[in-house]
Amino acid sequence: MKMNIKKGDVVLVIAGKDKGKSGKVIETDPKEKKVLVEGINIVTKHKKPKSQQDKGGIIKKPAFIEASNVQVICGQCGKATRISHKIVDGKNVRICKKCGASLDKEFAKTVKKEAKKAEKTVKTVKKEEKPVETVDKTESAKAEKVVAKAKTTSKTQKSASTAKKASDAEKTTQKKSKTESK
């Protein structure tokens, strides 16, 4: 079975001696289904000096913990959550069960870029529109509302579709302004 926890995720320990603590995942071991979390499950190792220049002593370092004993903390809602998977734009994306936000950082970055592109297109439409034409104003207002929605839900999979709607609205306003100007 596939592990849902990846390197770089912030997790909350839900069982064991460090229950209630949270930390960042440093390393994962999918074969053993274990994760290494920063500051969690600290163990002491006694190191024996192998030569006269080498120092011995007691070293404290984190040890692996079972992946089933941790839950991923959602970046948007801030709660420990289970993970669901959804295919968006041909990619398998990890989704928060509580708020529906994307847990994959790469996907969230692409969604933000799409929202910025949609915002730029709306700005260019605003510059081109004439104040006398009321039809173009209503279309650009709709496009602005779509972009505002895209900004608020930029971390979710919904923003990808709203960015497409904004670009479609922008295309229709350009077509109408071209036909009316002729």
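(A) Quick look at the overall build of the chain. On a plain count of helices and strands, the chain comes out with three helices and 10 strands. N-terminal to C-terminal, the α/β element order of the chain is β-β-β-β-β-β-β-β-β-β-α-α-α. Considering the chain as a whole, with its 182 residues, one finds that 31% of them fall into the buried category. Within the chain, contacts between residues at least 6 apart in sequence are counted, and of these 47% link residues at least 24 apart. For the chain, the exposed area adds up to about 12,300 Å²; of that, 53% sits on carbon and sulfur atoms.

(B) Looking closely at the pattern of salt bridges. Inspection of every chain in the model, using the stated rule, returns five salt bridges. Notably, a salt bridge pairs Asp18 with Lys21, separated by 3.4 Å at the nearest N-O pair. Residue class for Lys21 comes out partly exposed when judged on its relative accessible area of 43%. Several salt bridges converge on common partners, so that one network encompasses Lys6, Asp9, Arg94 and Asp104.

(C) Representation of the sheet that holds strand β2 (residues 22-29). Judged by pairing direction, the sheet is antiparallel, and its six strands sit side by side in the order β6-β3-β2-β1-β7-β8 without closing on themselves. Two strands close off the open sheet at either side, each with one partner strand: β6 (64-66) and β8 (80-81). Here strand β3 (residues 34-37) pairs with β6 via three bridges, running antiparallel. The partner of Lys34 across the bridge, within β6, is Glu66.

(D) Seen up close, the side chain of Asp18. Considering the arrangement of structural elements, one finds Asp18 in the loop between β1 (10-13) and β2. According to the relative accessible area criterion, Asp18 is buried, its value standing at 11%. Excluding residues that lie within four positions of it along the chain, Asp18 makes contacts with Val13, Ile40, Asn41 and Ile42.

(E) View of the nonpolar core. One finds Ile5, Val11, Val35, Ile65 and Val70 to be the most contacted residues of the largest nonpolar core, which totals 17 residues. Among the elements of the structure, β1, β3 and β7 (70-73) are those that each provide at least two residues to this core. When residues no more than four places from it in sequence are discounted, the contact partners of Ile5 are Val11, Val25, Thr28, Val35, Ala67, Val70, Val72 and Arg94.

(F) Geometry of the pairing of β7. In terms of strand pairing, β1 meets β7 through three bridges, oriented antiparallel. Paired with Val13 across the two strands is Val70, which belongs to β7. Two strands pair when backbone bridges link them, and β7 and β8 are joined in this way by two bridges, in the antiparallel orientation. Of the residues in β8, the one forming a bridge with Ile73 is Ala80.

(G) Looking closely at the environment of Val93. Its place among the elements puts Val93 in strand β10 (residues 91-96). Through-space distance from the C-alpha of Val93 to that of Lys105 is 9.8 Å; in sequence the pair is 12 residues apart.

(H) Region of the structure containing the side chain of Thr81. Its location among the elements puts Thr81 in strand β8. On the accessibility criterion, Thr81 (3% relative accessible area) is buried. Residues within four places of Thr81 in sequence aside, it is in contact with Gln71, Val72, Cys74, Cys96, Lys97 and Lys98.

Definitions and limits used
Residues numbered from 1 in each chain as written. Predicted model: local features only at pLDDT ≥ 70, side-chain atom pairs only at ≥ 80, totals over all residues. Heavy atoms only, no water. Helix = DSSP H or I, 4+ residues; strand = E, 2+ residues; numbered from the N terminus. Buried < 20%, exposed > 50% of the residue type's maximum accessible area, 1.4 Å probe, protein only. Contact = heavy atoms within 4.5 Å. Areas by Shrake-Rupley, 256 points an atom, 1.4 Å probe, with all protein chains shown as cover. Salt bridge = Lys/Arg side-chain N within 4 Å of Asp/Glu carboxyl O. Pairing = 2+ DSSP bridges. Core = buried A, V, L, I, M, F, W, Y, C linked by side-chain atoms within 4.5 Å.

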